[in-house]
Amino acid sequence: MKSDRNERLMGQLSELVKLQRYKVHEKLINHPELYPGQPPLLFQLEREDGQTQKQLAEQLRRAPATVTVMLKRMESSGFIRREADPKDLRSLRVYLTDQGRAALKELREVFQELDRQAQKDFTPEESQLMSALAQRMVQNLREY
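Residues numbered from 1 in each chain as written. Predicted model: local features only at pLDDT ≥ 70, side-chain atom pairs only at ≥ 80, totals over all residues. Heavy atoms only, no water.

J.: Help me understand the layout of surface pockets, please; the structure alone is not making it clear to me.
T.: Rolled over the atoms, a probe with the dimensions of a water molecule shows which regions are left empty. In this structure, the largest pocket encloses a volume near 1,800 Å³. Taken together, 44 residues make up the lining of the largest pocket; nearest its centre are Leu16, Val17, Gln20, Phe111 and Ala134. When contributions to the lining of the largest pocket are tallied by element, the ones reaching two or more residues are helix H1 (2-27), helix H2 (39-47), helix H3 (53-60), helix H5 (98-118) and helix H6 (124-143). Here the residues of the lining of the largest pocket are counted per class, giving 25 nonpolar, 10 polar and nine charged. (1 Å grid on protein atoms, 1.4 Å probe; cavity = no way out; pocket = protein on both sides within 12 Å on 5 of 7 lines; lining within 4 Å. Points joined across faces, edges and corners; volume = space filled by probe spheres on them. Helix = DSSP H or I, 4+ residues; strand = E, 2+ residues; numbered from the N terminus. Nonpolar A, V, L, I, M, F, W, Y, C, P; charged D, E, K, R; others polar.)

Structural data, given as structure tokens:
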């Protein structure tokens, strides 16, 4: 019985993540060129602009080739720019553009709106507990 409950929980969490990604994409009607997997990359550059493609792949836990394809799309859409690293010309550094920063502002608003909707009718204590439990689950899976 406990195993069934755990499988349902992981299924529910998976559904939550898929639904959130879909809703984010649905809400970004001003940015149809922004694909669902790209917001985490923008947020990562916001935390530390000028990372190398290799660093981004490691931070996002994505294959370098996948990140390269994402960056090509994002560069052609004007969200990022890539420049050769002056200290290592073999490496490219990735920077947010003004358009990328504007998209981040909208993304943040969309995420806040979805967060409010998802936690509608939660007490502050329930929201805090949910966050703490989710953090523990993330940590447990990282250690696995």
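Continuing now.
J.: Is there a simple way to think about the packing of aromatic side chains in this case?
T.: Given two aromatic rings, one states the distance between the centres and the angle between the planes to describe the pair. The full count for this structure, using the stated rule, is one aromatic pair. Here the aromatic rings of phenylalanine 43 and phenylalanine 111 are separated by 5.6 Å at their centres, their planes lie at 70 degrees, and the arrangement is edge-to-face. Linking phenylalanine 43 in helix H2 with phenylalanine 111 in helix H5, this pair joins segments that are 68 residues apart in sequence. Taking the relative accessible area as the measure of exposure, phenylalanine 111 reaches 26% and is therefore partly exposed. Taking the ring centre of tyrosine 35 as reference, the NZ or CZ of arginine 73 above it sits at 4.1 Å. (Phe/Tyr/Trp six-rings, centres within 6.5 Å; stacked < 30°, edge-to-face > 60°. Buried < 20%, exposed > 50% of the residue type's maximum accessible area, 1.4 Å probe, protein only. Lys NZ or Arg CZ within 6 Å of the ring centre and 35° of its normal.)

J.: In this structure, what is going on with the environment of glycine 11? I would like to understand it.
T.: For glycine 11, the location among the structural elements is in helix H1. Each C-alpha atom of the pair glycine 11 and lysine 87 lies 46 Å from the other, and the pair is 76 residues apart in sequence.

J.: Any chance you could explain the packing of H3 against helix H4 (residues 64-76) here in plain terms?
T.: The description of two packed helices rests on the angle between their axes and on the distance between the axes. Where H3 contacts H4, the two axes come as close as 9 Å, and the packing angle between them is 110 degrees. In terms of orientation, H3 and H4 fall into the roughly perpendicular class. Seen along the crossing, H3 lies across H4 with a hand that is right-handed. Together, Gln53, Leu56 and Ala57 of H3 and Pro64, Val67, Thr68 and Leu71 of H4 make up the contact between the two elements. Its residues placed into classes, the contact of H3 with H4 shows five nonpolar, two polar and no charged. (Axes fitted to C-alpha atoms, helices over the stretch in contact; angles between N-to-C directions. Parallel < 35°, antiparallel > 145°, perpendicular 65-115°, else oblique. Left-handed = near helix turned anticlockwise from the far one by under 90°. Contact = heavy atoms within 4.5 Å.)

J.: What is the right way to read H4 from this model?
T.: For an α-helix, the turn length of 3.6 residues means that residues three or four places apart are oriented alike. Here H4 spans 18 Å end to end across 13 residues, near enough to the 18 Å set by a 1.5 Å rise per residue. Residues of H4 that are buried include every one of Val67, Met70, Leu71 and Met74, and no others. Considered in projection along H4, the buried side chains sweep an arc of 100 degrees and stay on one side of the axis. In this structure, H4 carries Ala65, Lys72 and Ser76 as exposed residues pointing more than 90 degrees from its buried face. Tucked into the core, H4 has its buried residues touching H2, H3, strand E2 (80-85) and strand E3 (88-96). Backbone geometry just after H4 places glycine 78 at a positive phi near 90 degrees. (Expected span 1.5 Å × (residues − 1). Arc of directions from axis to C-beta.)

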